[in-house]
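The primary structure of each chain is shown beneath.
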Amino acid sequence: MLCLGWIFLWFVTGERIKGFNISGCSIKNFLWMYSAESAEEFVLFCDLAEPQKPRSYHRHPLSPAQGPARRPCRGREGLSDAQWYLQPREGGALKEITSNQSHLLLDKTALRFLTAERSHAGSYICRPRMRSRRDEACCVKMVLEVQPQADLSCAHPVPRTRYLRLGSTDSIHCPSLGCQGGARSPEMTWYQNGRLLSAQRSNPLQLDVIYDYHQGTYACDYTQADGAGSRTVRAVVQVKTIVRNTTLKPDILEPVKDTLEVELGKPLTLNCTARFGFEEHFKPVLRWYSKDSGRELEIPTKEGRRVKATVEAEVIQRTVHLERVAQSDLHKTFICFAQNSLGNSTQPLQLRGRKGVVFLYVLLGTVAALAGALAAGALLFTYWIEVVLLCRTCQDKDETLGVYTEDIVSIIKKSRRGVFILSPNYVNGPSVFELQAAVSLALDDQTLKLILVKFCPFQEPESLPDLVRKALRVLPTVTWRGLKSAPPNSRFWTRLRYHMPMKNPTGLPWGHLRVISRAFSLGRQ
């Protein structure tokens, strides 16, 4: 919808410009005579005809109908915004002026020319921007001719900028009549900020008492007739209200004190702020200096910026930035310097390290260290055993680490039977050395009998010791068959009890004979 709206607006606007007939516009001819040696401005006002009382038409009831009377345009005072168009002097299509340009400035109902060139000549048309039906035909065409001044012998030309002191009585001269000598001044038309001063018709324009509202842009017009016809000669004067020149030196507002507490290593911004009283030829000086060991050097900074401006004074500020405060900066004296035509003022500033901050840092460090020590003590008390074991492991001083093999051998020597449960993890892991040690001891001790329990099928690894590999083939093996072997009266538990030792006081048991025979056969293989 927004795009359609813009398209519709563009279409309607384009149709209006295309159908804009300027033949019905009122015409005014202007001449801008500029000085090539000085910069000056020019202004055109959208000066529509003042409203007039409509004429009355009386007709006989039987007479033919007449068209409606053309209604008058809104006057200059009722116009808030205007549309401007340009038709170049050499011809061409009518073009709307929609934005500011390098030499041109749109100012609601006025068109301001910032520079003077002959190429600016042409026809400038204006009409109300917000139009009603009666305003459709309201427009004014201003034909502008631009010429340089022919007479450059004038020793004292009228300035284009006029300064009027508040409370005084003064006047404003029209610049285009400044070098006419004793010639009789023509009747003038004066404007202030586009408003017609109807009561003023003479040159210069007399002002009884100067107030703030007298400041602004003034335009003076007079008619000049020659063989080419009559034209309106216009000149522009910029009027500024001022006060008396100050009688005081600059007043430094910042820094206020001569010392400033800072933190080492932190960035720092120093402001030099001064108030300068009004001077007609205002050339303020505001700088930063640093003084160290008798040497005074200017600190390069950006230009000062205006902080506040009134009729009586201006406040200007200049800033120096330190990325971080170094120890060497504490030995310098920073100087804020302000100067006008009457003299100068200075304000020294010494940086001082902030002691309270150092103490705070020490205090916070001590509190943090104490809190850390208490926390570490609480953890050490809670996990004392774990810490001791960790230290033993790191230092290889754990007594249980070097005595495990000896304990296994000692237990096997004290046993009459050794039961080893065989599984893939057991025969492939480091614990298989227990079986190897038991086989070696069984060869020397005929009372020791080894029983193998095959918990689940496995494949003998290549790294299995030969002695263990032979023992797996000759030693009695009982196979665990899952749930089938779980009952106490199963064959698994029967065979396991069969291989267990049994006391026989009458003589040597047959079981011992079987163990001895198997041991000898194991040794021979």
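Before reading further, recall that the structure is shown in the block above.
To keep things clear, this report deals only with the structure shown in the data block. These numbers were taken from a predicted model, which means no experiment stands behind them.

### Details of the layout of surface pockets
In this model, the second largest pocket occupies a volume close to 360 Å³. If you trace the second largest pocket, you find 17 residues lining it, with Ile242, Phe278, Thr310, Val311 and Glu314 closest to the centre. Residue assignment for the lining of the second largest pocket shows that the elements contributing at least two residues are strand E15 (229–242), strand E18 (268–277), strand E21 (305–309) and strand E22 (313–322). Considering every element that reaches the lining of the second largest pocket, the biggest residue donor is E15, with three residues. Looking at the lining of the second largest pocket residue by residue, the classes come out as eight nonpolar, four polar and five charged.

### Digging into the side chain of aspartate 47
Structurally, aspartate 47 is set in the loop between strand E2 (42–45) and strand E3 (82–88). The buried category is assigned to aspartate 47, whose relative accessible area is 9%. A polar contact is formed between the side chain of aspartate 47 and the side chain of tyrosine 191, at a distance of 3.2 Å.

### Here's the deal with the sheet that holds E21
A sheet is described by the order of its strands in space; here four strands give the open sequence E16-E18-E22-E21, paired in antiparallel fashion. The open sheet has two edge strands with one neighbour each: strand E16 (251–254) and E21. Along the sheet, successive strands turn relative to each other by an average axial angle of 25°, direction set aside. Pairing of E21 with E22 involves four bridges; the strand directions are antiparallel. Paired with alanine 309 across the two strands is glutamate 314, which belongs to E22.

### Section: a nonpolar patch on the surface
Taken together, the side chains of Leu380, Trp384, Ile385 and Leu389 present a nonpolar region at the surface, about 420 Å² in accessible area. Among the elements that take part in the nonpolar patch, helix H3 (residues 384–395) stands out by supplying three residues, more than any other. When you line up the elements, tryptophan 384 lands in helix H3.

### Section: the packing of aromatic side chains
Within the structure shown, the criterion is met by eleven aromatic pairs. With centroids separated by 5.4 Å and ring planes inclined at 90°, the aromatic side chains of phenylalanine 113 and tyrosine 124 adopt a geometry described as edge-to-face. Of this pair, phenylalanine 113 sits in strand E6 (residues 110–113) while tyrosine 124 sits in strand E7 (residues 122–128); the two residues are eleven residues apart in sequence, bridging distant segments of the chain. Ring centres of phenylalanine 492 and tryptophan 493 lie 5.0 Å apart, and the angle between their planes is 80°; on these two criteria the pair is classed as edge-to-face. Overall, phenylalanine 492 belongs to the buried group, its relative accessible area being 7%. Assessed through its relative accessible area of 31%, tryptophan 493 is described here as partly exposed. An aromatic cluster of three or more residues is present, and its members are Trp32, Tyr34, Phe42, Phe113 and Tyr124. The cationic tip of lysine 454 hangs over the ring face of phenylalanine 458; the distance from NZ or CZ to the ring centre is 5.8 Å.

### Quick notes on the state of the cysteines
Inspection of the entire model under this criterion finds four disulfides. Each sulfur in the disulfide pair cysteine 25 and cysteine 139 lies 1.7 Å from the other. Taking the torsion about the S-S bond as the criterion, the cysteine 25 to cysteine 139 disulfide, at about -100°, is left-handed. Of this pair, cysteine 25 sits in the loop between helix H1 (2–18) and strand E1 (26–34) while cysteine 139 is found in the loop between E7 and strand E8 (140–148), placing the two residues 114 residues apart along the sequence. Residues cysteine 25 and cysteine 139 agree in their burial class; the two are buried. Between the sulfur of cysteine 46 and that of cysteine 126 lies a disulfide, 2.1 Å long from S to S. The chirality of the disulfide connecting cysteine 46 with cysteine 126 is right-handed, given an S-S dihedral of about 95°. With cysteine 46 in the loop between E2 and E3 and cysteine 126 in strand E7, the pair connects residues that are 80 residues apart, well separated along the chain. Like cysteine 46, the residue cysteine 126 is buried in the burial classification.

Rules used in this analysis
- Residues numbered from 1 in each chain as written.
- Predicted model: local features only at pLDDT ≥ 70, side-chain atom pairs only at ≥ 80, totals over all residues.
- Heavy atoms only, no water.
- 1 Å grid on protein atoms, 1.4 Å probe; cavity = no way out; pocket = protein on both sides within 12 Å on 5 of 7 lines; lining within 4 Å.
- Points joined across faces, edges and corners; volume = space filled by probe spheres on them.
- Helix = DSSP H or I, 4+ residues; strand = E, 2+ residues; numbered from the N terminus.
- Nonpolar A, V, L, I, M, F, W, Y, C, P; charged D, E, K, R; others polar.
- Buried < 20%, exposed > 50% of the residue type's maximum accessible area, 1.4 Å probe, protein only.
- Polar contact = N/O pair within 3.5 Å; in protein donor to acceptor, adjacent residues only side chain to side chain.
- Pairing = 2+ DSSP bridges.
- Axes fitted to C-alpha atoms, helices over the stretch in contact; angles between N-to-C directions.
- Patch = residues over 30% accessible without salt bridge, like charges linked within 9 Å, V, L, I, M, F, W, Y side chains within 5 Å.
- Areas by Shrake-Rupley, 256 points an atom, 1.4 Å probe, with all protein chains shown as cover.
- Salt bridge = Lys/Arg side-chain N within 4 Å of Asp/Glu carboxyl O.
- Phe/Tyr/Trp six-rings, centres within 6.5 Å; stacked < 30°, edge-to-face > 60°.
- Lys NZ or Arg CZ within 6 Å of the ring centre and 35° of its normal.
- Disulfide = S-S within 2.5 Å.

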